[in-house]
Every structure is written in structure tokens, then in C-alpha cells.
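Here are the chains, one letter per residue:
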Protein chains: 2
Amino acid sequence: MISSKELLISKGVKPTLQRMKIYKYLHGKKTHPTADEIYKVLVKEMPTMSKTTVYNTLNMLAKKGLISVVTITGTEVRFDGEMYSHHHFLCEKCGKVIDIVLECPVCREKEIFGHKIKETHGYFKGICGACRSGND
Amino acid sequence: MISSKELLISKGVKPTLQRMKIYKYLHGKKTHPTADEIYKVLVKEMPTMSKTTVYNTLNMLAKKGLISVVTITGTEVRFDGEMYSHHHFLCEKCGKVIDIVLECPVCREKEIFGHKIKETHGYFKGICGACRSGND
DNA sequence: ATGACTGCAAAATATTTGCATATTC
DNA sequence: GAATATGCAAATATTTTGCAGTCAT
């Protein structure tokens, strides 16, 4: 079991305190927070944390392949600390983004119609189970 | 062959001049413009066209199922006038959003893990054929 | 001391809202 | 003339940028 710190180092990322806090906050979390949500939580325990650093770090971690970007809502970018292949479901009622783990042949493609594929994202939109049964 | 006007009426949308212009601009177009791009084009031939109306109309048409929302970039919402099922490819180099028509078993699902699915979106990101071969 | 990182403030971008005017049935 | 639609301006939300200060090697 490799530590978060070693993981960052192995990808060539200098493990500063801010970066560790941000990465650890995302990793293993089932929610898919925005940069602003992450900032608001972390600034409480680290008052000097700035939003710029949160954005810088998230974009850098995404580029390094350590976290992934979820653009399901369109008006804001959400982040996911889990890198195994999975889809996302957005509930139109409660706004939650839920992980959907399934086999998807289309996601295995690395090239299509001459275009080189680096990332694949599958998004579903609808009403989640909890909202359907009235258990928010 | 049903006209755009009749199509809007059949979905309960009053076919005002502004709405017709916006719908016609999107429908049959292969690009996936933002609200701002649509506004900039249409305001030239119709100087009173306002951005508010463009946003209102696009959101309303999307809700009525006449156009679809493409959230592949995350920082802005794009719109697609074609409603047949297809995926999208975003080129990281030139920024183009390209339609990808393929068979996808996952897209046929109407419910998953108890969640009611209303929409499915498949997004690919990478380098498009033109950028790979240097023909921008 | 050099280069990398952080953080504040301001700018840029995208979208929504309040409200007054105009249009339609 | 009531309801609906439009349009301007202002507000809000999200993300990026410029730059000065800090930290680590």
C-alpha cells in the first residue's frame, strides 16, 4: 500500500502541505466536490489556504493523471479522486453525482475514426433512487 | 418532412421569431456552439436579440427535448441541435467538439442501480485526426 | 540565490436575475 | 388586458491572471 505522499512523488509532484491536503481530501471520497467546496473545507483547518492554490493543484493533479475531472453539470467543474474506470450519474432533483461502476466496451477504445482517445467519460442524468422513493 | 415551426408547435413551444432563429441556427449544424457564439451570430442580423433570450430559449428547448446540452468542456455549456443518439469527442489541441456515431449498449439503459435514466452522454477527450496529422 | 510554490487581489468569463417594456391571443 | 415573451442592466458564480512574497534546495 503506497502512501499518498509517495504516490505524488512517483508522479513527479512535489508533496507540499497544501497539495497533500487537497489530494487526501479528494482521494477515497465518494462525493465529487468543486474547487470551491474543497477550498471552503480546507481553509478551516488551514487559514492561509488560497483558492488559487486549490485551482492550481487540482488542474496540475488532473494533468498528471492523479485525479479526474467531472464535467457532468456543465456550469462548474467537479473533481474525482478515484482513477479506476467508472461512469457518473447526476440526479436532476438533489444534484448529487453518484459513481456508476459497470462494464462498458466503448470505454476500452483508444482510438476512434482516426482520433486519439486519452480519456472517456460516461454521464447519466435522471432521478436517483433516493429521490424516486422520497428518501432524500 | 416537418418544418422547424411545426416541430416547435408540436412540442408546445410558441414559435416566436427569436426562438425560430435560434432553433434553426442549431439544427443541422455540426458545430456545438455556446450561447454566446449563437448570440454573436444572430445579433448581427437581428440587432435587438438579447443574450437573455438566447439563454432562456436554449434552456427551454433543452427542457422540451428539442436540443441537447453538451457539457464536455466543463467551463461552458455547448448546445447540439441533433437529437439522435451519439457521443462527442473534444480535441485538446484545437478545441473542436466532434460528433461520434457508434453503437453503445450502455446508452440503451433506461434505469441503473435503481436510478431512473433520462439522458446519457458519452464524451471522449484526446487529439483529433486533423491535429494528429498537422492539418488544422 | 535560484527556481518553484503560494496567496491576495483584480480581471476575465459564463450565467442568472430583476424588472420594465413589448407582444400576442 | 392578462399572460407570455423579450431585452437591458446589474448581480452572481466560476475560473484565470498578475505579481509580490515565501519556501526549499
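Note that the structure is a prediction, hence the values are computed from the model and not measured. (Residues numbered from 1 in each chain as written. Chains lettered and ligands numbered in written order. Predicted model: local features only at pLDDT ≥ 70, side-chain atom pairs only at ≥ 80, totals over all residues. Heavy atoms only, no water.)

Novice: Describe the pairing of strand β4 (residues 97-100) of chain A, naming the residues involved and giving the relevant values.
Specialist: All names here are of chain A. Sheet topology places strand β3 (residues 87-91) next to β4; four bridges connect them, and they run antiparallel. By the bridge assignment for β4, F89 is matched with I98. Connecting β3 to the antiparallel partner β4 that follows it, the hairpin turn spans five residues, and G95 within it adopts a positive phi of roughly 80 degrees. (Pairing = 2+ DSSP bridges. Helix = DSSP H or I, 4+ residues; strand = E, 2+ residues; numbered from the N terminus.)

Novice: Can you break down empty space enclosed by the protein residue by residue, with the values?
Specialist: Evaluation of the coordinates by the stated rule reveals one cavity of 30 Å³ or more. Of the voids in this model, the largest cavity is the one considered here, and its volume is about 80 Å³. Along the wall of the largest cavity there are 16 residues; nearest its centre are A:H87, A:G122, B:H87, B:C104 and B:G122. When contributions to the lining of the largest cavity are tallied by element, the ones reaching two or more residues are β6 (115-127) of chain A together with β6 (115-127) of chain B. (1 Å grid on protein atoms, 1.4 Å probe; cavity = no way out; pocket = protein on both sides within 12 Å on 5 of 7 lines; lining within 4 Å. Points joined across faces, edges and corners; volume = space filled by probe spheres on them.)

Novice: Requested: an account of the interface of chain B and chain A, with residues and values cited.
Specialist: A common way to state how big an interface is: give the accessible area lost once the parts meet. Contact residues are listed per partner, giving 38 residues for chain B and 38 residues for chain A. With both chains or domains summed, chain B and chain A bury close to 3,100 Å², and 60% of this area falls on carbon and sulfur atoms. There are four salt bridges connecting chain B and chain A. When the shortest N-O distance is used, the salt bridge between A:E111 and B:R132 registers 3.4 Å. Among the elements of the structure, β3 (87-91), β4 (97-100), β5 (111-112), β6 and α5 (129-132) of chain B are those that each provide at least two residues to the side of chain B that touches chain A. Among the elements that make up the side of chain B that touches chain A, the one with the highest residue count is β6(B) (13 residues). Looking at the side of chain B that touches chain A residue by residue, the classes come out as 17 nonpolar, twelve polar and nine charged. In the sheet, β6(A) pairs with β6(B) via eleven bridges, with the strands oriented antiparallel. (Contact = heavy atoms within 4.5 Å. Buried area = accessible area lost by both parts, 1.4 Å probe. Salt bridge = Lys/Arg side-chain N within 4 Å of Asp/Glu carboxyl O. Nonpolar A, V, L, I, M, F, W, Y, C, P; charged D, E, K, R; others polar.)

Novice: Lay out the pattern of salt bridges in plain terms, naming residues and giving numbers.
Specialist: Residues and elements named next belong to chain A. Counted according to the given criterion, the structure contains 16 salt bridges over all chains. Residues K40 and D36 are paired through a salt bridge, measuring 2.5 Å at the closest nitrogen-oxygen approach. Residue K40 and its partner D36 are both found in helix α3 (residues 35-45); the two are separated by four residues, about one turn of the helix. Taking the relative accessible area as the measure of exposure, K40 reaches 48% and is therefore partly exposed. For D36, a relative accessible area of 23% translates into the label partly exposed. (Buried < 20%, exposed > 50% of the residue type's maximum accessible area, 1.4 Å probe, protein only.)

Structural measurements only, silent on function.
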